[in-house]
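The primary structure of each chain is shown beneath.
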Amino acid sequence: MNPIEPFYILDLFGVAVFAITGALVAREKQMDIFGVIVVALVTAIGGGTLRDMILGRTPVFWVNDPTYIIVGAIVAVLTIPVALLNLMPRRPLLIADAFGLAVFTVIGTQTALDFGVSAFIAILLGVMSSVTGGIIRDVLSNQIPLILRKEIYATASLCGAVVYVIFLHDATFAPFATITGMMITLVLRLAAIRWGWSLTISLPKPSQ
């Protein structure tokens, strides 16, 4: 991406936000500075790496532009003092993750569309881009991944990606596609955090 493109700035913002979540989780698990940086980086670039590998878009984005690695590593190191002083409660971590989810949903979907795949595949890759880093982070830190918990997570990303693609294909709404796709994802995820929204279906208990 061109360094002056809005998508490039958004991409780096998403990397920074996800790196923060990875670093905070790693410190919660008492990892050393190397572990913190590793978890932060795989959280920040894991989804985009999987997306590029599936598309055959190689070398993957961070090989062509090491800025992603540099930003992720610097943010991770700067996050360590905050984690050590316990200045970051759990809820801001979830909110930061929601922002990263929203950014990477749109970035991942657009990257796939630019590569020439169908809208359906682009939507799937947008979701993969946004959730894979968090899955790796949670697995490495021995936690149940957010995507497997009952609160809406991947569904928020899916809705955002679908709206983004629909808006892109309508000349009237195309200029608002990016912000709308991100906001749909973000609002759904934040609402799920705030009110515990989920798609869980409660089945009646069998009679004794």
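Let me sum up the structure you'll find in this document. Keep in mind that what you see is a predicted model, and the values were worked out from it rather than measured.

**Focus on the overall build of the protein**
The helix and strand inventory of the protein stands at 8 helices and 0 strands. Counting from the amino terminus, helix and strand elements in the protein follow one another as α-α-α-α-α-α-α-α. For the protein, with 208 residues in total, the buried portion stands at 46%. Sequence-distant contacts, at least 24 apart, represent 73% of the contacts inside the protein between residues at least 6 apart.

**Things to note about the side chain of Asp 97**
Along the chain, Asp 97 falls in helix H5 (residues 90-114). Among all residues touching Asp 97, those that are not within four sequence positions of it are Val 17, Phe 18, Thr 21, Arg 137, Leu 146 and Tyr 153.

**Thoughts on unusual backbone geometry**
Here the residue pair Thr 58 and Pro 59 is connected by a cis peptide bond, since its omega of -5 degrees sits within 30 degrees of zero. Along the chain, the position of Pro 59 falls in the loop between helix H2 (33-55) and helix H3 (61-64). Phi at Gln 30 takes a positive value of approximately 60 degrees, unusual for a residue other than glycine. A relative accessible area of 62% places Gln 30 in the exposed class. The backbone of Asn 142 sits at a positive phi, close to 60 degrees, despite the residue not being glycine. In this fold, Asn 142 is placed in the loop between helix H6 (119-140) and helix H7 (154-168).

Cut-offs applied
Residues numbered from 1 in each chain as written. Predicted model: local features only at pLDDT ≥ 70, side-chain atom pairs only at ≥ 80, totals over all residues. Heavy atoms only, no water. Helix = DSSP H or I, 4+ residues; strand = E, 2+ residues; numbered from the N terminus. Buried < 20%, exposed > 50% of the residue type's maximum accessible area, 1.4 Å probe, protein only. Contact = heavy atoms within 4.5 Å.

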